Amino acid sequence: QAQLVESGGGLVQAGGSLRLSCSASEPSSTILSMGWFRQSPGKEREFVAAISWSGTDTYYGDSVKGRFTISRDKGKNTEYLQMNNLKPEAAAVYYCAAPSPYGPALTSRNVGTLNLYDYWGQGTQVTVSS
């Protein structure tokens, strides 16, 4: 099965920026859309952003619109999450995720549904200091 590996997490001061990366292992053809979720201790996993295979369709959670940008490099089967103007509430473990290529296509109505994502990375910690 495909494996997802995140990187780029770390400690950043409030108002600063970080860029997360997520790479998918072979077979790359099984990975189409990709997305990001985040989770803090004791809280439910929250949708952050997603991007279609073509890169033309992007989706964002309300809490990050205008500050986070998702992109991807299809040749490397890698997605990126550029996080700007980070706030303390953004501190969490960030998880890369990908839906099954045999499931329904992601839309603005279902993009945040956890059950649509079959592949998950191990997570990368983002800490924001005030």
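Provided above is the structure to which this section pertains.
Residues numbered from 1 in each chain as written. Predicted model: local features only at pLDDT ≥ 70, side-chain atom pairs only at ≥ 80, totals over all residues. Heavy atoms only, no water.

A. View of the pairing of strand β1 (residues 4-7). Residues of β1 alternate between two faces, with Leu 4 and Glu 6 buried on one and Val 5 and Ser 7 left unburied on the opposite face. Here 4 bridges tie β1 to strand β3 (residues 18-24), and the two strands are oriented antiparallel to one another. Note that in β3 the partner of Glu 6 across the bridge is Cys 22. (Buried < 20%, exposed > 50% of the residue type's maximum accessible area, 1.4 Å probe, protein only. Helix = DSSP H or I, 4+ residues; strand = E, 2+ residues; numbered from the N terminus. Pairing = 2+ DSSP bridges.)

B. Seen up close, the pattern of salt bridges. Applying the stated rule across the entire model yields 2 salt bridges. For Glu 46, the salt bridge goes to Arg 38, with nearest N and O atoms at 2.9 Å. Residue Glu 46 is classed as partly exposed on the basis of its relative accessible area of 32%. Between Asp 62 and Lys 65 there is a salt bridge, with its nearest N and O atoms 3.1 Å apart. (Salt bridge = Lys/Arg side-chain N within 4 Å of Asp/Glu carboxyl O.)

C. Summary view of the state of the cysteines. The final tally for this structure, using the stated rule, is 1 disulfide. In this model Cys 22 forms its disulfide with Cys 96; the gap between the sulfur atoms is 1.8 Å. Disulfide Cys 22 to Cys 96: torsion about the S-S bond roughly -80°, handedness left-handed. Pair noted here: Cys 22 is in strand β3 and Cys 96 is in strand β9 (residues 92-99), with a separation of 74 residues, a long-range link. (Disulfide = S-S within 2.5 Å.)

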